[in-house]
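# Understanding the architecture of this molecule
What follows is the residue order along each chain.
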Amino acid sequence: MKLLGRTSSLNVQKVLWFLEELEITYAHIELGGRFGGLQNPEFATLNPLKKVPVLVDGEKSIWESHAILRYLAACYGGGNWYPDDPYERSLYERWLDWSHVVFQPAFMGTFWGFYRKPPEKRDMEAVNQSLVDCMACLDVVNNQLDGSAFLAGPSMSLADIAVGTIMYRLTSQGLDVALPERVGAWYARLCEREGYARWVMSDFSELQGREQY
């Protein structure tokens, strides 16, 4: 098994963290960003969109980070990560979709508008609006965590992988982000995970002020 994609990519980090949780042996190949390689014809045969991450499992290639997470859970996760009951799976599936279409776009508004812009080119009004949107998302997460250690129940699921990966950069890019109480406790639990500490809580300073992918 191989995972293709630069470590500094948030979407690649989701998959790297989950691979560690599953204790799967894999090779990681840095690709994209300063490593280049996305325009190679060989890569285009794996992902016609020429984006990372891409998981290669034998003769199969899987792209789009949440599709990869779902594939890994179904093939290698067992009952802990992939319950037999479709409704039980929906408890974390809904958070994968929500994070992708609501929370991550709000975060990207701050990250691309603030961290990846030179100071003189920042539109702080737009950044602050994106930050307001992020705080509204954190309120949603805080409500969900009322009486539950993790987003989809008492144990970790793909919901925590997808939503939790965003948390480190949101709180570490230099903006004032006050975490609601339950979110803060949940985030502290994530930081204790070996895969989270290794792959998500990693240096992303190479991206500061960088406007190109």
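This section reports on the structure supplied with the text. Computed from a prediction, not measured in an experiment: that's the story for all the values here.

## Here's the deal with unusual backbone geometry
- Each neighbour pair has its own omega, and for Val-52 with Pro-53 the value is 10 degrees, a cis peptide bond.
- Within the secondary structure layout, Pro-53 lies in the loop between α2 (41-46) and β3 (54-57).
- Its identity is not glycine, yet Lys-50 carries a phi of approximately 60 degrees, on the positive side.
- Turning to its location among the elements, Lys-50 is positioned in the loop between α2 and β3.

## What about the sheet that holds strand β1 (residues 2-4)?
- Sheet architecture is open: four strands sit in the order β2-β1-β3-β4, paired in mixed fashion. Strands with a single pairing partner mark the edges of an open sheet, and in this sheet they are β2 (27-29) and β4 (60-63). The mean angle between the axes of side-by-side strands here comes to 20 degrees, regardless of whether they run parallel or antiparallel.
- For β1 and β3, the ladder comprises three bridges, and the chain directions are antiparallel. Residue pairing across strands places Leu-3 opposite Leu-55, the latter belonging to β3.
- Packed onto the sheet, helix α1 (residues 10-22) meets β1 and β2 and runs at close to 160 degrees relative to β1.
- The sheet contacts of helix α3 (residues 65-76) involve β3 and β4, and relative to β4 the element is tilted by about 130 degrees.

## Section: the packing of helix α5 (residues 86-115) against helix α7 (residues 158-172)
- At a minimum axis distance of 8 Å, the contact between α5 and α7 shows a crossing angle of 15 degrees. Comparing their axes, α7 and α5 come out roughly parallel. The hand of the α5/α7 crossing is left-handed. Contacts between α5 and α7 involve Tyr-92, Trp-95, Leu-96, Trp-98, Ser-99, Phe-103, Gln-104, Phe-107, Thr-110 and Phe-111 from the former and Leu-158, Ala-159, Ala-162, Val-163, Ile-166, Met-167, Arg-169 and Leu-170 from the latter.
- In the contact of α5 with α7, the residues fall into 14 nonpolar, three polar and one charged.

## Things to note about the packing of α1 against α7
- Contact geometry of α1 with α7 gives a least axis separation of 10 Å together with a crossing angle of 130 degrees. By the angle class used here, α1 and α7 are oblique. Classified by chirality, the crossing of α7 by α1 is right-handed. Residue-level inspection shows Leu-10, Gln-13, Lys-14, Trp-17, Phe-18 and Glu-21 of α1 in contact with α7, the latter providing Leu-158, Asp-160, Ile-161, Ala-162, Gly-164, Thr-165, Ile-166 and Arg-169.

## Overview of the pattern of salt bridges
- The tally for this structure, following the rule as stated, stands at seven salt bridges.
- Across the pair Glu-20 and Arg-198 runs a salt bridge, and its minimum N-O distance is 2.8 Å. On the criterion of sequence distance, the pair formed by Glu-20 in helix α1 and Arg-198 in helix α9 (residues 194-200) is long-range, its members being 178 residues apart.
- We classify Glu-20 as partly exposed; its relative accessible area is 23%.
- Salt-bridge contacts for Glu-211 lead to Lys-117; the nearest nitrogen and oxygen are separated by 3.2 Å. Highlighted residues: Glu-211 in the segment after α9 and Lys-117 in the loop between α5 and α6 (124-144), separated in sequence by 94 residues.

Calculation criteria
All residue numbers refer to position in the chain's written sequence, counted from 1. Only residues with pLDDT of at least 70 get local features here, since the model is predicted, and only at 80 or more are side-chain atom pairs given and counted; chain-wide, interface and lining totals rely on the full set of residues. The side-chain values count all of the structure's non-hydrogen atoms but skip hydrogen atoms and water molecules. Comment: elements are numbered from the N terminus, with helices defined as DSSP H or I runs of at least four residues and strands as E runs of at least two. Note: two strands are recorded as paired if DSSP finds a minimum of 2 bridges between them. What counts as an axis is a line fitted to C-alpha atoms, over the stretch in contact for a helix, and the angles between N-to-C directions run from 0 to 180 degrees. For this analysis, residues touch if any pair of their heavy atoms sits within 4.5 Å. Just so you know how the angles are binned, under 35 degrees is roughly parallel, over 145 roughly antiparallel, 65 to 115 roughly perpendicular, and the rest oblique. By convention the crossing between two helices is left-handed if the near helix lies anticlockwise of the far one by an angle smaller than a right angle, and right-handed if it lies clockwise. Residues are grouped as follows: Ala, Val, Leu, Ile, Met, Phe, Trp, Tyr, Cys and Pro are nonpolar; Asp, Glu, Lys and Arg are charged; all remaining types, including Gly, are polar. Salt-bridge detection follows one rule: a side-chain nitrogen of Lys or Arg within 4 Å of a carboxyl oxygen of Asp or Glu. Relative accessible area decides the class of each residue, using a 1.4 Å probe on protein chains only: under 20% of the type maximum gives buried, over 50% gives exposed, and in between gives partly exposed.

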